[in-house]
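# Structural description and commentary
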Amino acid sequence: MFRSYLFSILTALILLACNSNPNTVEDFAYTNALINETSPYLLQHAHNPVDWYAWNDSTLAKAKRENKLMLISVGYAACHWCHVMERESFEDTAVAAVMNANFINIKVDREERPDVDQIYMNAIQLMKGRGGWPLNVIALPDGRPVWAETYVPKDEWKRALSQIQTLYEDSPERLVDYAARLEAGIKSLDLVEINRNEVDFSALKTDSIVAAWSNRFDDKDGGIAQAPKFMMPNNYHFLLRYAVESKDKELLDFVQLTLKKMAFGGVYDHVGGGFARYSTDMRWHIPHFEKMLYDNGQLVSLYSDAYLVDPNPLYKEVVYETLQYVAEEMTHESGAFYSSLDADSKGPNGELEEGAYYVYTEAEIDSLITEKPALFKEYYSINNYGKWDEENAYVLIRQQADPEFTAAHQLDQNTLDALKSGWKKTLLDYRNTRPRPGLDDKSLTSWNGLMLKGYLDAYRVFNEPKFLEAAIKNANFIKDKQLKADGGLWHSFKDGKSTINGYLEDYASVIDGFIAMYETTFDEQWLNLAKSLLEYAQEHFGYTDSRLFYFTSDQDAQLVSRSIEYRDNVIPASNSIMAHNLLKLGHYFDQPDWIKDAQTMLHNVLPEVAAYPTSFSNWMQLGRNFQNEFYELVVVGPQAEEVLAEINKTYIPNKMIAASTTESDAPLLKNRFIEGETFVYVCVNNTCKLPVRTAAEALPLMDY
């Protein structure tokens, strides 16, 4: 018998939760090879009538052996349009019959296999000038793509499949010729030409780049003046830094406007904390409701640093609420962080609906909010401003900062805080009675590194012990579960099992997180682990002529192209993070060649920076470290923690920290410990000013 998508996924998840074997289930009319996978996204499709296979050597060999075209469908568990296409096409037996007869059908979780996703995303960008998910590709039996599209309605999908299969049968040479030309284009996309000019970072004209960038700013609602709007934390981290260093008040005001509007908008979950993936409109009002770990980790870091520049209670509220959400909904008992929450959940009509878990009708609000209901409605815009146009429901949205609201309504802040706490608890309790969005409970090493850094940045700024406890637990999870016997990293963890050889993004974010662990705890094991992971990456991910790393290891199977990820996106590029890591570890371990490699990497991407600043903001952060003095802040002695905590109350983006309460042989600490004394050394390239004893004395030495 045929079962709906909803019944399939809920049953599969229940079985997994009960540690049952899905292969024993007899309630499904169809079961395909994905039933043996652990990815929640792949398991969502395990009972489609389509004969899906996972991407692996056996599947690729099958395509070659049978000389069939491959139909490769890439998505992820929280993807709304992936669900729509599944319901329309992949659950339809007539569509499945066409797919099964002519193609080797492969489902790919883009989060598990970012290498595969990158290749075919590059292909659709070349073919269509755009991309997105679901990403549907038809490829020759050797994997070279010949057709690609994102979401396709059912009838159009069937037509496209039939036309391509007919072409393959009648004129295969045309597809082979097109595949060869497309393959050449894919291989050329990530090539970085050697910059033959002399290394001179004054050539990075940051002033003019930011000035040109500012022409795209939305001065009313923050962000870039376009829809949809993505948060792009690395962009605003750079702009925050640049505004502070250049004393550009207008730019700083814009960054603060953006942070405020994001936190006020429906893109922020005012009831449960945390951010959705992006806003569908220009005002941050209506989100695409999926919640991704990588966004929230980076945004915690951004709002924490912003609080140092401007101690706005809103920023602290966002950090605390977001981390509460992560702790309650996105954290495994081992300390690992899950990947995402779905945009869709079961609505009142019993069907899967986007945002059903997060929005409220006015009737629901009237029945739930009994304490100052009129005030609630004004505070959270239960009016035309907050109405979700497509539904008779409201997304909670703020329009005023608390000081403005309390002044307008003659309230004190404590009273408003008490009201907000009560309102949120009431709505959260009610929301928790609804069917929950699907949880993608795999743990990705790279995203865990980003969330680890978020927790450590929050601890650095707010000195909240539970933030450090969560960070230590997660760092130990990565060390104990995701570190391989040969010194490398696994990419994914689920159901107690570590799988998939790590990608460059895993090494980049974990090294960054482990450096922050050392700077926070002074425990040198984390610094030494960071060093060993860097050396492993240097050995297995190879340097190209431009000194950039490949995205995949030399231990991985060859794909159409071995890509190089160097453009920053919603997550900074793995190469830009690695360049920062090389700079810091070069200083920590007295390895000037690593610092030179970081310089060379930046130098070779410089020609693209001015034209595409939003895709190189993390590189520009690195550029600031080379354009200005980059401080090695060394704190040694029994009071090192207290002194450093005081220094950390100031926003100092151009520093790294070496600290110890005891004697150490580390290059930056050696021979600097004096029993019973605490000293602060402010150094540049290991040349230090005279030591001082307090934060108040140290800060002016760094011009703060």
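As the structure is a computational prediction, the values presented were derived from the model and not from experiment. (Residues numbered from 1 in each chain as written. Predicted model: local features only at pLDDT ≥ 70, side-chain atom pairs only at ≥ 80, totals over all residues. Heavy atoms only, no water.)

## Regarding the overall build of the chain
Convention followed: Only DSSP runs of H or I covering at least 4 residues are called helices, and only runs of E covering at least 2 are called strands; the numbering of each starts at the N terminus. Taken over C-alpha atoms, the radius of gyration is set against a globule rule of 2.2 Å times the number of residues to the power 0.38. The cut-offs for exposure are 20% and 50% of the maximum accessible area for each residue type, with area from a 1.4 Å probe on protein chains only; residues under the lower value are buried, those over the upper are exposed, and the others partly exposed. Contacts are assigned to residue pairs with any non-hydrogen atoms lying within 4.5 Å of each other. Residue-level accessible areas treat just the shown protein chains as cover; the underlying method is Shrake-Rupley with a 1.4 Å probe. The charged-residue count follows a simple rule in which Lys and Arg add positive charge and Asp and Glu add negative charge, with His and chain termini not counted at all. Each charge is placed at NZ for Lys, CZ for Arg, CG for Asp and CD for Glu.
For the chain, the count of helices and strands is 26 helices and 22 strands. The C-alpha atoms of the chain give a radius of gyration of 26 Å, which matches the 27 Å a tight globule of 704 residues would have. Here the C-alpha coordinates of the chain stretch approximately 80 × 65 × 50 Å along the principal axes. Looking at the chain residue by residue over its 704 residues, the buried ones come to 59%. Looking at the chain alone, contacts between residues at least 24 apart form 68% of all its contacts between residues at least 6 apart. Of the accessible surface of the chain, which amounts to about 27,900 Å², a share of 48% is contributed by carbon and sulfur atoms. In the chain, the 66 positive side-chain charges and the 101 negative ones have mean positions that sit 2 Å from each other.

## A few points about the pairing of strand S4 (residues 135-139)
In plain terms, the rule: Strands pair, by our definition, only if DSSP identifies at least two bridges between them.
Of all five residues making up S4, five are buried, and the element is well covered by its neighbours. Of the two faces of S4, the one lined by Leu135, Val137 and Ala139 and the one lined by Asn136 and Ile138 are each fully buried. Sheet topology places strand S2 (residues 69-75) next to S4; five bridges connect them, and they run antiparallel. Counted as the bridge partner of leucine 71 is isoleucine 138 from S4. Of the strand pairs in this sheet, S4 and strand S5 (residues 145-149) are connected by four bridges, and their pairing is antiparallel.

## Examining the packing of aromatic side chains
Quick note on the threshold: Stacked, tilted and edge-to-face are the three classes applied to pairs of Phe, Tyr and Trp rings, where Trp contributes its six-membered ring and a pair requires centres within 6.5 Å; stacked means planes under 30 degrees apart, edge-to-face means over 60, and tilted covers the rest.
With the rule as written, the count across this model stands at 39 aromatic pairs. Taken together, a centroid distance of 6.4 Å and an interplanar angle of 35° make the contact between tyrosine 360 and tyrosine 430 tilted. Of this pair, tyrosine 360 sits in the loop between strand S12 (352-354) and helix H14 (362-368) while tyrosine 430 sits in helix H17 (residues 413-431), placing them 70 residues apart in sequence. For tyrosine 360, a relative accessible area of 0% puts it in the buried group. Aromatic side chains tyrosine 379 and tryptophan 423 sit 6.2 Å apart centroid to centroid with 50° between the ring planes, which places their arrangement in the tilted category. Taken together, the residues tyrosine 379 in helix H15 (residues 373-379) and tryptophan 423 in helix H17 connect sequence positions 44 residues apart. Within the aromatic cluster, the residues linked to one another by ring pairs are Trp213, Phe217, Tyr236, Phe238, Tyr242 and Phe254.

## Considerations on the sheet that holds strand S9 (residues 291-292)
Read from one edge to the other, the open sheet built from three strands follows the order S9-S10-S15, with strand pairing classed as antiparallel. Since the sheet does not close on itself, it has two edges, and those belong to S9 and strand S15 (439-440), each with one partner. Pairing of strand S10 (residues 340-341) with S15 involves two bridges; the strand directions are antiparallel. Following the sheet pairing, leucine 341 is matched in S15 by leucine 439.

## Notes on the environment of lysine 484
Residue placement: lysine 484 occurs in the loop between helix H19 (465-482) and strand S17 (490-494). Taking the C-alpha atoms as reference points, lysine 484 and glycine 502, 18 residues apart in sequence, are found 9.6 Å from one another. If near-sequence neighbours (up to four positions away) are discounted, lysine 484 is found in contact with Leu489, Trp490, Asn501, Tyr536 and Gln555.

## Topic: helix H8 (residues 172-189)
So the rule is basically this: The span you would expect from a helix comes to 1.5 Å times its residue count less one.
The first and last C-alpha atoms of H8 sit 26 Å apart over 18 residues, in line with the 26 Å expected at 1.5 Å per residue. Contacts from the buried residues of H8 go to helix H6 (114-128), S5 and helix H7 (154-170).

## Focus on the confidence of the model for the chain
A low pLDDT means the predicted coordinates there should not be read in detail. Rules: Note on scores: pLDDT gives the predictor's confidence for each residue, bounded by 0 and 100.
Within the chain, residue pLDDT values average 93, and 96% of them lie at 70 or more. Per-residue pLDDT stays below 50 along residues 1-25; that stretch engages in 32 contacts with residues further than four places along the chain or on separate chains.

## Describing the pattern of salt bridges
Heads up, the condition is: Each reported salt bridge corresponds to a side-chain nitrogen of Lys or Arg within 4 Å of a carboxyl oxygen of Asp or Glu.
A full pass over the atoms with the stated rule returns 44 salt bridges. Salt-bridge contacts for arginine 130 lead to glutamate 149; the nearest nitrogen and oxygen are separated by 3.0 Å. Linking arginine 130 in the loop between H6 and S4 with glutamate 149 in strand S5, this pair joins segments that are 19 residues apart in sequence. You can call glutamate 149 buried: its relative accessible area is 11%. Here aspartate 440 makes a salt bridge to lysine 442, at a shortest N to O gap of 2.6 Å.

## Remarks on the packing of helix H22 (residues 574-588) against helix H23 (residues 592-609)
Think of two packed helices as two axes; the pair is described by the angle between the axes and how far apart they sit. Formally: Every axis corresponds to a line fitted to the C-alpha atoms, with the helix fit spanning only the stretch in contact, and the corresponding angles, defined between N-to-C directions, vary from 0 to 180 degrees. Angle categories: roughly parallel below 35 degrees, roughly antiparallel above 145, roughly perpendicular from 65 to 115, and oblique for all the rest. We call a crossing left-handed when the near helix sits turned anticlockwise from the far one by less than a right angle, and right-handed when that turn is clockwise. Residues are grouped as follows: nonpolar covers Ala, Val, Leu, Ile, Met, Phe, Trp, Tyr, Cys and Pro; charged covers Asp, Glu, Lys and Arg; every other residue, Gly included, is treated as polar.
Their axes nearest at 7 Å, the elements H22 and H23 cross at an angle of 150°. Considering the angle they form, H22 stands roughly antiparallel to H23. For the crossing formed where H22 meets H23, the hand is left-handed. Residues Asn575, Ala579, Leu582, Leu583, Leu585, Gly586 and His587 of H22 form the contact with H23, whose own contacting residues are Trp594, Ile595, Asp597, Ala598 and Met601. Its residues placed into classes, the contact of H22 with H23 shows eight nonpolar, three polar and one charged.

## Let's talk about the side chain of serine 563
Here serine 563 is to be found in the loop between helix H21 (524-540) and H22. The class of serine 563 is buried, set by a relative accessible area of 4%. In contact with serine 563, not counting residues within four places along its chain, are Gln118, Asp190, Tyr550 and Phe551.

## With respect to the sheet that holds strand S22 (residues 687-688)
Strand-to-strand pairing in sheets goes through backbone hydrogen bonds, with the strands running parallel or antiparallel. The strand order across the open sheet built from four strands is S20-S19-S21-S22, with neighbouring strands paired in mixed fashion. Sheet topology places strand S20 (655-660) and S22 at the edges, where each strand pairs with a single neighbour. As judged from the six bridges shared by strand S19 (residues 631-636) and S20, these two strands associate in the parallel manner. Looking at the pairing, valine 635 lines up with alanine 659 of S20. Strands S19 and S20 of the sheet are contacted by H22, whose axis makes an angle of about 40° with S20.

## What to know about helix H3 (residues 57-66)
The line we're drawing: Starting at the helix axis, one direction is taken to each C-beta atom, and the arc is that of these directions. Polar contact is defined as a pair of N or O atoms within 3.5 Å, subject to the rule that within protein one atom must be able to donate a hydrogen and the other to accept it, and that residues adjacent in sequence are counted only when both atoms are side-chain atoms.
Considered for burial, the residues of H3 that qualify are Thr59, Lys62 and Ala63. An end-on view of H3 places all buried positions within 100° of arc, on one side of the element. Opposite the packed face of H3, turned more than 90 degrees from it, sit the exposed residues Asp57, Ser58, Lys64 and Arg65. Against the buried residues of H3 lie strand S1 (52-54), S2 and strand S3 (103-109). Here H3 starts with a cap whose side-chain oxygen sits 3.2 Å from the backbone nitrogen of serine 58, and that cap is asparagine 56. Positive phi appears at asparagine 67, one or two residues downstream of H3, with a value of about 55°.

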